[in-house]
Amino acid sequence: MSERWWQHDRERLARELALCGGNSAELARKYGLNRTTLNPWIKKHGINTAPRPQDDRFVFPQMGELCFTGDWMLTSDWHLPIVDYSLVDRMVNDAIKLGVKNLCIAGDWFNFDALSDYMPKQSDAALPRELQDSNRLMDWLLDVFEVIVITLANHDVRLVKTLGYRMRFDHSMRVCFYDVPLEKMARVKITNLDYVIIDSAGEKWRVCHSNSYSKNQLVHPSQFAEKYRMNVASGHRHHHAIGFSTSGYRVLELGGLFDTARTEYLQRWTNSFPRWQPGYSALIEGRVYCPMLSDHPM
């Protein structure tokens, strides 16, 4: 083949140009040519390439961790519609009394039992009821709190799984809050990660909903604290306890706002798993308040 292949081999020229991102200067450098040597032939052959950005790397802002400061109510495992409304009232009243304007929901806002792979289903937790109760409660909470953040968790992600993973987690959650006014929903932050970072008076906390389980309290939060080198507050295991990791980081099991008396499968099976422990906490100026564990900050 002639050394001047770009003059007569249109297909090769188009292919080579595409491999160089449509940049004729880069193609010229590849073959030790001057750009002006190639450009007339690109034009003559009628080769068109879409313009490429200077930086063609994909950026996924939806995957970036959310970081916050200030005072927060820390909760997890609401499992709507089998939430304990009296416990929600207590948490909200404590938030008002303490002057806390931010609410963190570390996963499992929904139960989504209707979308699970398990049978039988919770008899009074059909999907329409779940969504209706959720919209009413979220609308009310946004009258109390200025910012609400929700993390990824195993129950909430059941909707994404049912949809064949065709939608991002944060989008699927927002679809569910169809009756909450848009101006209110703008104050709800939803992350595609199972955690957020909260800096309270210089004390960093990883507030998360991990998938790991242990019958023993604080085992996994202590491991997370050592790995991530910060304080950890974690949901999922339905324990409620506070302590310290080996290196002295504070670790917290968040409990939950579930209603065990109305959680059907807890009544069905005889097992040796620990009893679920309801609870919530407040993070204020770096100190932790756990009203269901102690009257004193920790």
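Now for a quick tour of the structure. Remember, it's a predicted structure, so these values are computed and weren't measured experimentally.

## Concerning the sheet that holds strand S8 (residues 231-234)
Alright, step 1. Spatially, the six strands line up as an open sheet ordered S1-S6-S7-S8-S10-S9, and their pairing is mixed. Lying at the two open borders of the sheet, with one neighbouring strand each, are strand S1 (67-69) and strand S9 (240-244). Strand-to-strand, the axes of this sheet are offset by a mean angle of 20°, without reference to chain direction.
Alright, step 2. Pairing of strand S7 (residues 203-208) with S8 involves four bridges; the strand directions are parallel. Its bridge partner lying in S8, Val 207 is registered against Ala 233.
Alright, step 3. Most of the contacts of helix H9 (residues 219-228) go to strand S10 (residues 250-254), to which it runs at about 140°, and overall it touches S7, S8, S9 and S10.

## As for the packing of helix H4 (residues 85-98) against helix H5 (residues 127-141)
The angle between the axes and the distance between the axes are what describe a pair of packed helices.
Alright, step 1. Relative orientation of the contacting elements H4 and H5 amounts to 15°, with a least axis distance of 13 Å. Taken together, H4 and H5 sit at an angle that is classed as roughly parallel. In this structure, H4 crosses over H5, and the sense of that crossing is right-handed. Within the contact between the two elements, H4 uses Tyr 85, Val 88, Asp 89 and Val 92 and H5 uses Asp 133, Leu 137, Trp 140 and Leu 141.

## Notes on the pattern of salt bridges
Alright, step 1. All told, the structure shown has 14 salt bridges when counted by the stated rule.
Alright, step 2. Notably, a salt bridge pairs Lys 184 with Asp 139, separated by 2.5 Å at the nearest N-O pair. Placement of the pair is Lys 184 in helix H8 (residues 182-185) and Asp 139 in helix H5, with a sequence separation of 45 residues.
Alright, step 3. Under the relative-accessibility criterion, Asp 139 is labelled partly exposed at 23%.
Alright, step 4. The shortest N-O distance in the salt bridge between Arg 262 and Asp 259 comes to 3.2 Å.

Conventions and cut-offs
Residues numbered from 1 in each chain as written. Predicted model: local features only at pLDDT ≥ 70, side-chain atom pairs only at ≥ 80, totals over all residues. Heavy atoms only, no water. Pairing = 2+ DSSP bridges. Helix = DSSP H or I, 4+ residues; strand = E, 2+ residues; numbered from the N terminus. Axes fitted to C-alpha atoms, helices over the stretch in contact; angles between N-to-C directions. Contact = heavy atoms within 4.5 Å. Parallel < 35°, antiparallel > 145°, perpendicular 65-115°, else oblique. Left-handed = near helix turned anticlockwise from the far one by under 90°. Salt bridge = Lys/Arg side-chain N within 4 Å of Asp/Glu carboxyl O. Buried < 20%, exposed > 50% of the residue type's maximum accessible area, 1.4 Å probe, protein only.

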